[in-house]
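A look at the structure
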Amino acid sequence: VTKYWMAQHNFPPLKNDRFLRAARGEDVDKIPVWIMRQAGRYLPEFREFRTKHDFFTICQTPEYACEVTLQPIRRFELDASIIFSDILVIPQAMGLTVEMRPGVGPVLPEPLANPSDMSRLKRPDVEKDLGYVGKAITLTRHSLEGKVPLIGFTGAPWTLMGYMIQGGGSSTMAQARSWLYRYPEKSIELLQLITDIVIEYLVMQVKAGAQALQIFESHADYLNDELFKKYCFPFVKQISERVRAKLDELKIAKVPMIVFPRGATLNSLELLAKDHSYEVIGVDWNVDPVEARQRFGPDVTVQGNMDPCAMYANENEVFKRAKEIGEKFGKTRYIANLGHGILPDTPIVSVEAFIKGVHSV
Ligand code: 1CP
């Protein structure tokens, strides 16, 4: 079946497998590097494209999503691409309205005010309602011509729950976080519903051609160790285990999985790393490379973690820092990235210097 599926897609052979090798713990000639939000507003060609097309229209139109995914790959010596989409396509497919407001970010005008609002949510037919993401992945995988691998992604359950209750970004996530204490059972019910959808969504992405998967738990910083153990870890673990089991059942080759619990405590990160349900753990810029290695052990690849604001230093400084981080993590089981998404006004020369610095190790 794997052969049949490959033949059916007939994807071009991969020419640069550094990223996949590092994820699997194999030797690499150079440290692989990619950048979270590498397709985005710091690129003039992206800004130009956005003046013509609405954000979710880009996500929903495979030719457009493919075009913006390729933009950073044409410009830079990156070692991986990530499909252009957003984590909020899931709440959207569950029936919530999501608007992308310029200068504000995503807004959900009718969030879940209390557990009875959960009756407004629907269980999407993933292949149908989110099939556009699969189509974008297949098209992009062909259009990349094997230059670099293509990463698929999703938001993790707690992060998505946060947006669904909060109605947008927030500096406290107080509404969402208070659900965890006021309605623990209903919170778990909601997290489980999202988990079930996320699993189907990720399997669809691999079927469509995604060569790795990243799970963004961007709101892990709101969870202390107790909350992380109860509301993040079990669901994130379930996602990896059930995605792998489903791919086995479909006889499709498994792909490396990355979890990025941004802002999680070192205890929480260690819990995830030592569980080995993910090949790769993403860390933000507050995590010390040497301490991370010590606490995670030798059998997990680490991804990260230069401060996105360090990209505002001069070119030489950016190069030097990138090289230093590479040396601290070492060439084995390491994927270089920023500690969070690249900021919209980051200088292009910094991106070039960052990549050169990593590749110089
Ligand atoms: O290039 C890539 O990395 C692929 C595209 C991508 C990804 C992986 C986008 C496009 N969004 C995401 C993931 C995403 N979206 C996350 C997880 C990563 C992270 O923590 O940053 C989150 C939290 C979102 C939600 C979201 N979408 C925000 C954050 C809002 C907040 O304050 O909580 C914002 C600003 C967006 C909009 C968005 N998504 C992507 C882009 C390029 C943009 C900018 C909007 C625009 O172009 O108008």
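Residues numbered from 1 in each chain as written. Predicted model: local features only at pLDDT ≥ 70, side-chain atom pairs only at ≥ 80, totals over all residues. Heavy atoms only, no water.

1. A word on the pattern of salt bridges
One pass over the structure, following the stated rule, counts 26 salt bridges. A salt bridge links K122 to D129; the shortest N-O distance between them is 3.6 Å. According to the relative accessible area criterion, K122 is partly exposed, its value standing at 42%. A residue is classified by how much of its surface remains accessible, and D129, at 21% relative accessible area, is partly exposed. Salt bridges sharing partners connect three or more residues here, namely R18, D29 and D79. (Salt bridge = Lys/Arg side-chain N within 4 Å of Asp/Glu carboxyl O. Buried < 20%, exposed > 50% of the residue type's maximum accessible area, 1.4 Å probe, protein only.)

2. Focus: the site of the ligand
The environment of the ligand is formed by 22 residues, the closest being R37, R50, Y163, S218 and H340. Contacts to the ligand include A39, whose backbone N or O atom sits 2.9 Å from an oxygen atom. Side-chain polar atom of H340 to an oxygen atom of the ligand: 2.6 Å apart, as the coordinates give it. In isolation the ligand offers 880 Å² of accessible surface; the protein chains occlude 87% of this area. The residue makeup of the shell around the ligand, split by class, is 13 nonpolar, five polar and four charged. (Near = heavy atom within 4 Å. Polar contact = N/O pair within 3.5 Å; in protein donor to acceptor, adjacent residues only side chain to side chain. Areas by Shrake-Rupley, 256 points an atom, 1.4 Å probe, with all protein chains shown as cover. Nonpolar A, V, L, I, M, F, W, Y, C, P; charged D, E, K, R; others polar.)

3. Comments concerning the packing of helix α13 (residues 233-249) against helix α14 (residues 266-275)
Pairs of packed helices are described in terms of their axes, by the angle between the two and the distance that separates them. Here α13 crosses α14 at 25 degrees, and the two axes come no closer than 11 Å. What the angle tells us is that α13 and α14 run roughly parallel. When the axes of α13 and α14 are compared, the crossing they make is right-handed. For the pair formed by α13 and α14, the contact residues are F233, V236 and K237 on the first element and L271, L272 and D275 on the second. (Axes fitted to C-alpha atoms, helices over the stretch in contact; angles between N-to-C directions. Helix = DSSP H or I, 4+ residues; strand = E, 2+ residues; numbered from the N terminus. Parallel < 35°, antiparallel > 145°, perpendicular 65-115°, else oblique. Left-handed = near helix turned anticlockwise from the far one by under 90°. Contact = heavy atoms within 4.5 Å.)

No statement about biological role is implied by the geometric values presented.
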